[in-house]
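Structural characterization, general
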Amino acid sequence: MRSVAVTELPDRFVVTLDRPAQRNAINARMIGALHDVCATIERNPKLLLLTGRGDDFAAGADIDELRMRTRDDALTGINRNLFDRVAKLPLPTVAAVNGYALGGGAELAYACDLRIATPTAVFGNPEPGLGIMAAAGASYRLPSLVGMSIAKQILLGGRNIDAETALRTGLILDIAEDHVAAAHQLLDRIARQSRLALRLTKTVVDAPGSHPWADDIAQAVLFDTEDKHQRMTAFLEKR
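Owing to the predicted nature of the structure, the values given are computational and were not obtained by experimental measurement.

Procedures and definitions
Residues numbered from 1 in each chain as written. Predicted model: local features only at pLDDT ≥ 70, side-chain atom pairs only at ≥ 80, totals over all residues. Heavy atoms only, no water. Helix = DSSP H or I, 4+ residues; strand = E, 2+ residues; numbered from the N terminus. Rg over C-alpha atoms; globule rule 2.2 N^0.38 Å. Buried < 20%, exposed > 50% of the residue type's maximum accessible area, 1.4 Å probe, protein only. Contact = heavy atoms within 4.5 Å. Lys, Arg positive; Asp, Glu negative; His and termini not counted. Charge placed at Lys NZ, Arg CZ, Asp CG, Glu CD. Pairing = 2+ DSSP bridges. Domains from an automatic or database assignment. Buried area = accessible area lost by both parts, 1.4 Å probe. Salt bridge = Lys/Arg side-chain N within 4 Å of Asp/Glu carboxyl O. Expected span 1.5 Å × (residues − 1). Arc of directions from axis to C-beta. Axes fitted to C-alpha atoms, helices over the stretch in contact; angles between N-to-C directions. Parallel < 35°, antiparallel > 145°, perpendicular 65-115°, else oblique. Left-handed = near helix turned anticlockwise from the far one by under 90°. Nonpolar A, V, L, I, M, F, W, Y, C, P; charged D, E, K, R; others polar. Phe/Tyr/Trp six-rings, centres within 6.5 Å; stacked < 30°, edge-to-face > 60°. Lys NZ or Arg CZ within 6 Å of the ring centre and 35° of its normal. Core = buried A, V, L, I, M, F, W, Y, C linked by side-chain atoms within 4.5 Å.

**Side note on the overall build of the chain**
When helices and strands are tallied, the chain shows twelve helices and nine strands. Expected size for 239 residues packed as a compact globule is a radius of gyration near 18 Å; at 19 Å, the chain falls within 12% of this value. Overall size of the chain, expressed as C-alpha extent along the three principal axes, is 60 × 35 × 35 Å. Residues counted as buried form 46% of the 239 residues belonging to the chain. Expressed as a percentage of contacts within the chain between residues at least 6 apart in sequence, the contacts between residues at least 24 apart total 69%. Positive and negative side-chain charges of the chain, numbering 28 and 29 respectively, have mean locations separated by a distance of 1 Å.

The structure is reproduced here in structure tokens:
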């Protein structure tokens, strides 16, 4: 039984978490399938749209499997390694979120560059209530997305945030009834931009610390591309 559905389009991959009867709970099979998707995108860089089938994006990790994991399993970073890999994909990624994005589902959404949600979306990390912590990226991604105070409300206070709050705090870009269509529209806009400029921008933005020299080097590479000359010439001629 498949856990992920993948559609390849000319400029993007559409990946759908496909366990709707389990609210798309993330299990080992899904982790493996998403690693395969990442490997494909790393070999053939394209944009990514990630969503969930049914009423929810992903309502957490599969608790049956999670309950059986040991200290040694935790030390291998099963989910964290995947979500870090998603975050490092070369071109922009968009999560189209409907319904619940909880626990590991929320952390997978956090790993994407941009998020669009339906009015029904709910984000949260209830892991401490299960005797564990959100250890697949929330501790270092969520504060940078929404600020330390809101992140602690979610990670320590057990607060779930709805779509309006997610929009107000910057966690999501927009609210749309048809979140997948809105995500495609966003990706259409992104796809019209320079792929190399997008790739270098993402690399520089995601690099830790201050790195003005890296900006200079990336810009130097872009200044000498034919794509830059063609795009600027077209802009001037249109003006």
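There's more to say after this.
**Comments concerning the sheet that holds strand 2 (residues 12–17)**
Strand pairing in a sheet takes place through backbone hydrogen bonds and is either antiparallel or parallel in direction. Judged by pairing direction, the sheet is mixed, and its six strands sit side by side in the order 1-2-3-4-6-9 without closing on themselves. Each end of this open sheet is capped by a strand with a single partner; those strands are strand 1 (4–8) and strand 9 (174–175). Here four bridges tie strand 4 (residues 93–97) to strand 6 (residues 114–117), and the two strands are oriented parallel to one another. When the sheet's bridge partners are listed, Ala96 is paired in strand 6 with Ile116.

**As for the domain arrangement of the chain**
Domain assignment breaks the chain into domain 1 (4–191) and domain 2 (194–238). Domain 1 and domain 2 are separated by 28 Å when their C-alpha centres are compared. The partner domain 2 presents five residues to the eleven residues of domain 1 that form the contact. When residues of domain 1 are sorted by the area they lose upon contact with domain 2, Pro45, Pro90 and Leu91 head the list and together hold 52% of the total. Scanning the region where domain 1 abuts domain 2 turns up one salt bridge.

**Concerning helix 9 (residues 179–191)**
End to end, helix 9 covers 18 Å across 13 residues, agreeing with the expected 18 Å (1.5 Å per residue, within 8%). Three or more residues of helix 9 are buried, namely His179, Ala182, Ala183, Leu186, Leu187 and Ile190. Seen from one end, helix 9 has its buried residues packed into an arc of 140 degrees, which puts them on one side. Check the buried side of helix 9 and you find it contacts strand 2, strand 3 (47–52), strand 4, strand 6 and helix 10 (195–206).

**Things to note about the packing of helix 1 (residues 28–43) against helix 4 (residues 78–87)**
Contact pair helix 1 / helix 4: the axes reach a minimum separation of 10 Å and the direction vectors enclose 25 degrees. Classified by the angle between their axes, helix 1 and helix 4 sit roughly parallel to one another. Viewed along their axes, helix 1 and helix 4 form a crossing whose handedness is left-handed. For the pair helix 1 and helix 4, contact is made by Ile31, Leu34, His35, Cys38, Ala39 and Glu42 and by Ile78, Asn79, Asn81, Leu82, Arg85 and Val86, respectively. Here the residues of the contact of helix 1 with helix 4 are counted per class, giving seven nonpolar, three polar and two charged.

**A look at the packing of aromatic side chains**
According to the stated counting rule, one finds zero aromatic pairs in the structure shown. The ring of Phe13 has Lys46 lying over it, and the distance from NZ or CZ to the ring centre is 5.5 Å.

**What to know about the nonpolar core**
Nonpolar side chains in soluble globular proteins tend to be buried together. Residues Leu17, Phe57, Val97, Leu108, Phe123 and Leu171 are the most contacted members of the largest nonpolar core, which totals 46 residues. Top element by residues in this core is helix 1. It accounts for six residues. Other than its neighbours up to four places away in sequence, Phe123 contacts Val97, Ala101, Leu102, Ala109, Tyr110, Ala117, Arg159, Asn160, Ile161, Ala166, Leu171 and Ile172. Core analysis: the second largest hydrophobic core is formed by 14 residues, Ile116, Ala176, Ala182 and Leu198 among them.

**A few points about the environment of Gln230**
Along the chain, the position of Gln230 falls in helix 12 (residues 226–238). Sequence spacing of Gln230 and Gln219 is eleven residues, and the spatial spacing of their C-alpha atoms is 16 Å.

**Side note on the sheet that holds strand 5 (residues 100–102)**
The mixed open sheet is built from three strands, whose spatial order is 5-7-8. Two strands in the sheet have a free side with no partner beyond their single neighbour: strand 5 and strand 8 (161–162). Judged from the three bridges that link them, strand 5 and strand 7 (residues 122–124) form a sheet pairing that is parallel. When the sheet's bridge partners are listed, Ala101 is paired in strand 7 with Phe123. Helix 5 (residues 104–111) contacts strand 5 and strand 7 of the sheet and is inclined by roughly 90 degrees relative to strand 5.

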